[in-house]
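# Breakdown of the fold
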Amino acid sequence: VKALDRYAAPDADFVLVAAESHSGPGRAKRAKKTLLNESSALPGYRGQSAWLVYLCAAGALAGGLLVSAQQRLPSEPARQFGTSITGAFEGWFANPDGSRFFLVGYLNRNFAQAMDVPIGANNRIEPGGPDMGQPTHFLPGRQWGMFLVPVPKDFTAKDKLTWTLVANGQPTSIPFRLHPDYVVSPFRNVAAKNTPPVLRFEQRASSFQGPTANVANAIPRTIASGTLLPLTVWATDDATYSSGSNAPMRNPPPAVTLVWSKYRGPGQVTFDKTNPPFDKDTAGEDAAFSGKATTTARFSEPGEYMLHVTANDYSGNGGGGEVCCWTTAIVKVSVTGTATSTVRDAR
Amino acid sequence: MTGRRLPSWRGIHIGIVTLGLVVGVAADALGDNNAPTRAVTFSKDIAPIFQAKCQVCHQPNSMAPMSLITYQEARPWARSIRERVSTRQMPPWHIDRSVGVQKFKNDMSLTDEQIDTIVRWVDGGAPMGDPKDLPPPKPLVTDNEWQAVKDGLGPPDLVIKSSEFIMPAEHQDVWYRPMSDIPITEPRWVKMVEIRPTRLKGRRTIHHSIAYLVLKDDPDAVNTLTSSGRSDPVDRDDLVNRRPQLMEWAIGKGYDLFRPGTGKLILPGEKISWDQHIHAVGEEIPSGSEIGLWFYPKGEEPKKRSYLVGFTGLRRRGFVDIPPNSIAHTEGFTALKENAIITNFQPHFHLRGKAMQVEAILPDGSHQIISYVGNFNFNWMTNYVYDDDAAPVFPKGTIIHVSAWYDNTAANKNNPDPEQWVGYGDRTVDEMAHAWMNVVYLNDEEYKALVEERKNKAAKLTNEQQQ
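Residues numbered from 1 in each chain as written. Chains lettered and ligands numbered in written order. Predicted model: local features only at pLDDT ≥ 70, side-chain atom pairs only at ≥ 80, totals over all residues. Heavy atoms only, no water.

With that out of the way, let us pick up the overall build of chain B. Helix and strand counts for chain B come out as nine helices and 26 strands. Relative to a compact globule of 467 residues, whose C-alpha radius of gyration would be 23 Å, chain B shows 25 Å and is just as compact. In terms of its C-alpha atoms, chain B occupies a principal-axis envelope of roughly 80 × 65 × 50 Å. Each of the 467 residues in chain B was classed as buried or not, and the buried ones make up 56%. (Helix = DSSP H or I, 4+ residues; strand = E, 2+ residues; numbered from the N terminus. Rg over C-alpha atoms; globule rule 2.2 N^0.38 Å. Buried < 20%, exposed > 50% of the residue type's maximum accessible area, 1.4 Å probe, protein only.)

Summing up its helical and strand segments, chain A has three helices and 18 strands in all. Counting all 347 residues of chain A, 51% fall into the buried class. Put simply, 70% of the contacts in chain A that link residues at least 6 apart link residues at least 24 apart. When the accessible surface of chain A is summed, it comes to about 15300 Å², and 53% of that surface belongs to carbon and sulfur atoms. (Contact = heavy atoms within 4.5 Å. Areas by Shrake-Rupley, 256 points an atom, 1.4 Å probe, with all protein chains shown as cover.)

Turning to helix 2 (residues 42-53) of chain B, a few remarks are in order. Taken as a whole, helix 2 of chain B has its buried residues at Phe42(B), Ser43(B), Asp45(B), Ile46(B), Ala47(B), Ile49(B), Phe50(B) and Gln51(B). Where the residues of helix 2 of chain B are buried, they touch helix 3 (71-74), helix 4 (78-86) and helix 5 (112-123) of chain B.

Let's shift gears to the packing of aromatic side chains. Under the definition given, this model contains 32 aromatic pairs over all chains. Between the aromatic rings of Phe349(B) and Tyr406(B), the centroid separation amounts to 5.5 Å while the plane-to-plane angle is 85 degrees, which identifies the pairing as edge-to-face. With Phe349(B) in the loop between strand 19 (344-348) and strand 20 (353-361) and Tyr406(B) in strand 24 (residues 399-408), the pair connects residues that are 57 residues apart, well separated along the chain. Members of the aromatic cluster, joined through ring pairs, are Phe89(A), Phe102(A), Phe155(A), Phe176(A) and Tyr182(A). Over the face of the ring belonging to Trp146(B) we find Arg196(B), whose NZ or CZ atom lies 3.9 Å from the ring centre. Between Arg316(B) and the ring centre of Phe319(B), over which it is positioned, the NZ or CZ distance is 4.3 Å. (Phe/Tyr/Trp six-rings, centres within 6.5 Å; stacked < 30°, edge-to-face > 60°. Lys NZ or Arg CZ within 6 Å of the ring centre and 35° of its normal.)

Here the focus is the pairing of strand 6 (residues 206-214) of chain B. Residue and element names in this part refer to chain B. Of all nine residues in strand 6, nine are buried, a share of seventy percent or more. Direction of pairing for strand 6 relative to strand 11 (residues 271-278): antiparallel, over a ladder of eight bridges. By the bridge assignment, Leu213 is partnered in strand 11 with Ile272. Across five bridges, strand 6 lies against strand 8 (residues 245-250) in antiparallel orientation. Considered in strand 8, the bridge of His208 is made with Ala250. (Pairing = 2+ DSSP bridges.)

It is worth spelling out the side chain of Gln245(B) at this point. Residue and element names in this part refer to chain B. One can find Gln245 in strand 8. According to the relative accessible area criterion, Gln245 is buried, its value standing at 17%. Those residues in contact with Gln245, other than ones at most four positions away along the chain, are Ile210, Ala211, Tyr212, Lys264, Leu308 and Trp436.

Right, let's talk about the sheet that holds strand 4 (residues 123-126) of chain A for a bit. All names here are of chain A. The three strands are arranged 4-7-8 in an open sheet whose pairing can be described as antiparallel. For this open sheet the edge positions go to strand 4 and strand 8 (170-176), each flanked by a neighbour on one side alone. Within the sheet, the average angular offset between the axes of one strand and its neighbour, ignoring direction, is 15 degrees. In this sheet, strand 7 (residues 161-167) lies alongside strand 4 in antiparallel orientation, the contact comprising four bridges. In the strand pairing of strand 7, Glu126 is matched with Thr162. (Axes fitted to C-alpha atoms, helices over the stretch in contact; angles between N-to-C directions.)

Now for the sheet that holds strand 11 (residues 219-224) of chain A. All names here are of chain A. Pairing is mixed across the open sheet formed by four strands, whose spatial order is 11-18-17-13. Two strands in the sheet have a free side with no partner beyond their single neighbour: strand 11 and strand 13 (257-264). The mean inter-strand angle of the sheet, taken between neighbouring strand axes irrespective of direction, is 25 degrees.

Attention now goes to the confidence of the model for chain A. All names here are of chain A. Overall, the predicted model of chain A reaches an average pLDDT of 81, with 77% of residues at or above 70. Across residues 1-69, where pLDDT falls below 50, the model places 92 contacts with residues more than four positions away in sequence or in other chains. Counting interchain partners and residues more than four positions distant, the pLDDT-below-50 stretch residues 341-347 has 20 contacts. (pLDDT = per-residue confidence, 0-100.)

On to the environment of Phe345(B), then. Residue and element names in this part refer to chain B. Within the secondary structure layout, Phe345 lies in strand 19. A relative accessible area of 0% means that Phe345 is categorised as buried. Placed 41 residues apart in sequence, Phe345 and Tyr386 show a C-alpha to C-alpha distance of 7.9 Å. Residue contacts for Phe345: discarding those within four places in its chain leaves Ile95, Met356, Val358, Ser371, Val373, Thr382, Asn383, Tyr384, Tyr386, Ala435, Trp436 and Met437.

Attention shifts here to the state of the cysteines. Within this structure, the stated rule accounts for one disulfide over all chains. Paired by a disulfide, Cys324(A) and Cys325(A) hold their sulfur atoms 2.0 Å apart. Taking the sign of the S-S torsion, about 85 degrees here, the bridge from Cys324(A) to Cys325(A) comes out right-handed. By relative accessible area, Cys325(A) is classed as buried at 0%. Cys54(B) carries a free sulfur, and the closest cysteine sulfur to it, the one in Cys57(B), is 9.0 Å from it. (Disulfide = S-S within 2.5 Å.)

Residues and elements named next belong to chain B. In the predicted model, chain B carries a mean pLDDT of 89, and 90% of its residues have values of at least 70. In this model residues 1-33 is a low-confidence stretch, pLDDT under 50, and it forms six contacts with partners more than four residues away in sequence or in other chains. The ipTM assigned to the predicted complex is 0.85, against a pTM of 0.84.

Turning our attention to the pairing of strand 7 of chain A. Residue and element names in this part refer to chain A. With six of seven residues buried, strand 7 lies mostly within the body of the structure. Bridging between strand 7 and strand 8 involves seven bridges; their strand directions are antiparallel. Paired with Thr164 across the bridge in strand 8 is Ser173.

Turning our attention to the nonpolar core. Judged by nonpolar contacts, the single largest core of 82 residues is most densely connected at Phe102(A), Trp163(A), Phe176(A), Phe345(B) and Ile400(B). In terms of residues, this core owes the most to one element, strand 26 (residues 434-442) of chain B, which gives five residues. In terms of nonpolar packing, the next biggest core, distinct from the first, is built from 31 residues, Tyr176(B), Ile182(B), Phe258(B) and Ile278(B) among them. (Core = buried A, V, L, I, M, F, W, Y, C linked by side-chain atoms within 4.5 Å.)

Once that is clear, we can look at the packing of helix 4 of chain B against helix 5 of chain B. Residues and elements named next belong to chain B. At their nearest, the axes of helix 4 and helix 5 sit 9 Å apart, and the two run at 150 degrees to each other. In terms of axis orientation, helix 4 runs roughly antiparallel to helix 5. Considering the relative orientation of helix 4 and helix 5, their crossing is left-handed. Residue-level contacts link Ala78, Arg79, Ile81, Arg82, Val85 and Ser86 of helix 4 to Ile115, Ile118, Val119, Trp121, Val122 and Asp123 of helix 5. Taken together, the residues that form the contact of helix 4 with helix 5 break down as eight nonpolar, one polar and three charged. (Parallel < 35°, antiparallel > 145°, perpendicular 65-115°, else oblique. Left-handed = near helix turned anticlockwise from the far one by under 90°. Nonpolar A, V, L, I, M, F, W, Y, C, P; charged D, E, K, R; others polar.)

Encoded structure:
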């Protein structure tokens with residue numbers, strides 16, 4: 001918050017902020033310049049009429065926004081099913097090569113109902129979509145930084161993408177913007193000197209680090225229908241721990257924990273373990289933590305699936321609210337043949 | 001367009017002023033000395049108010065964005081000043097004056113009469129008046145001064161600094177957690193604490209700074225007498241490993257002044273573990289935090305501890321759900337497991353915070369509003385320190401109910417993007433809600449004695465008022 005900056009315009013800051021909110025910073029600057037040129041500090045000067053015009057315009061815009069608010073009553077109870085899902089814009093970051101990504105999660109307000117919302121009118125990112133790599137399977141509750149959306153090269157601070165979701169007939173939508181307050185650093189917590197776990201899906205294969213889950217870099221697998229897909233993850237981590245008070249942990253959990261889930265696909269996916277524990281692995285002896293975790297996945301019917309894995313370090317879900325440090329990846333599975341398996345528990 | 005033309009605002013304004021003059025003259029003729037019979041001027045009327053309530057911050061090289069020392073400095077901001085003071089955004093004293101506790105040790109607010117004077121000055125053209133009417137200038141404070149010094153409480157006995165972190169111009173929020181030694185050789189009781197950024201510019205980047213006490217062997221320093229849900233059993237080792245807050249500071253806050261006879265004990269060998277939440281502001285700024293400690297004199301050590309407790313405003317730990325373009329609400333409940341006095345109130349939110357109410361639900365089911373801030377401002381996490389006789393006291397079993405409201409609309413000037421859904425998190429763009437309050441516990445005998453003393457004082461006051 002640039003509180004002092006917003007003080008810098010004598011007698012014009014309400015209009016300035018309103019203009020920023022609705023018209024982008026460029027127009028806001030022009031409005032500020034106009035006001036500073038035309039107005040004085042007291043009523044009766046030439047600028048008074050301009051001030052009123054901007055005030056009315058801002059009010060009208062604010063009214064329009066309020067009308068379109070996604071209606072929920074304050075303090076509604078958490079529901080098990082029958083309600084909405086909203087996207088959660090975690091922020092954006094730039095890569096060393098200058099490319100940029102939006103980091104996106106969601107809140108499924110159905111706390112006991114995983115839902116499938118196919119790509120289309122009810123699950124779309126526009127403009128450029130509707131399919132921009134978002135999930136179609138939504139786990140209950142808050143899921144942090146599940147996927148990346150690449151930012152188009154010509155994207156400016158004034159532009160936005162909008163993710164619209166309609167679940168149980170209830171629409172929500174949120175924008176993705178290059179707003180400076182939403183810059184994130186999900187690959188390194190510079191103060192705590194923490195980094196996300198490093199994952200490999202084959203022992204000597206390339207690694208994943210950070211919330212990089214993206215359909216473009218999905219790991220391919222093929223399996224015949226009715227057979228189990230083995231899923232093994234090798235992980236290393238710096239086992240760095242930091243909290244508000246930095247008090248030592250009473251009962252330290254494993255340094256890395258995994259969560260497997262269905263991301264996309266026509267049928268149900270059953271994991272032997274959705275949170276497979278790590279066995280000590282000697283391959284990554286240089287790391288403070290090195291382990292190997294295995295589970296299997298069963299698919300209810302043939303088709304193209306995507307599985308999602310999140311690896312949290314000691315910072316926990318969403319980095320404990322600090323947006324670092326976890327790692328995500330997507331496994332793309334082609335299930336061939338005809339359906340023969342029985343599904344016990346779909347996630 | 002045809003038809004009768006409505007009178008212009010200017011015409012109405014002239015009419016009102018004329019009416020006011022007529023009434024004023026008439027009132028003067030009737031001998032009413034309080035009637036506004038002369039123009040309000042900066043020199044005679046406004047400068048004394050600014051000296052008393054504004055200049056402590058609004059002076060060159062201080063944290064305020066403009067100086068209000070001279071007429072030339074103040075005049076260009078006249079309309080802003082009118083708007084800020086008439087809506088009670090400035091001075092930053094945002095507690096609702098019609099609800100709950102109303103007597104404070106650090107009340108910096110303007111009186112209704114002072115606000116009326118400022119409004120009339122601006123509406124009257126903001127004249128300077130006769131420079132001979134100006135009061136003698138007050139000495140300037142140094143930049144980044146302790147609030148306690150500004151309030152006349154003297155300098156701290158000991159200052160402990162953290163190392164500094166260089167916050168880049170553009171970066172996600174950072175939580176900087178260095179450790180500092182406490183250079184004392186014998187136990188000391190603290191009667192007041194204040195944290196400030198080590199540099200003036202740090203007031204732009206440091207959202208909050210918490211000084212946790214790294215205990216050596218003092219389990220009694222840990223608060224165990226409030227509960228907001230299932231509490232894990234604790235043993236001595238666990239308590240010693242916990243780190244109680246010596247103080248929480250957030251942007252705009254001043255000091256924690258503990259109730260007489262209460263304080264915080266610091267032992268030799270203990271350390272401070274800092275938690276500094278830093279936000280980028282478009283300019284590279286290095287800063288850390290420092291804590292000032294005011295000690296009780298030796299031989300005057302207090303008998304009771306004061307515990308800083310963050311009373312939650314959330315039902316579910318770590319969860320808020322604020323839809324875009326909406327006003328949202330959460331609430332939290334915390335039980336007092338012992339009789340307690342609450343000595344201050346400081347609401348804590350992030351950018352979408354709008355209002356917070358703290359009420360007590362007593363064991364008999366009745367309830368009592370303690371405090372309400374209806375126009376919370378993210379840039380001013382003011383600490384409202386209750387007057388000793390006004391600090392509310394409650395029996396064990398009382399529930400402290402914190403209600404929190406959020407404004408995720410364009411009407412919130414601090415809102416970076418009202419179209420975003422907002423969830424829980426530590427960043428300023430995410431939300432949280434809790435009430436920082438210092439608590440002193442009383443045994444049953446002490447509680448009964450204090451309640452009795454309060455009743456007797458109230459009865460005496462009533463008698464005096466009736467005579």
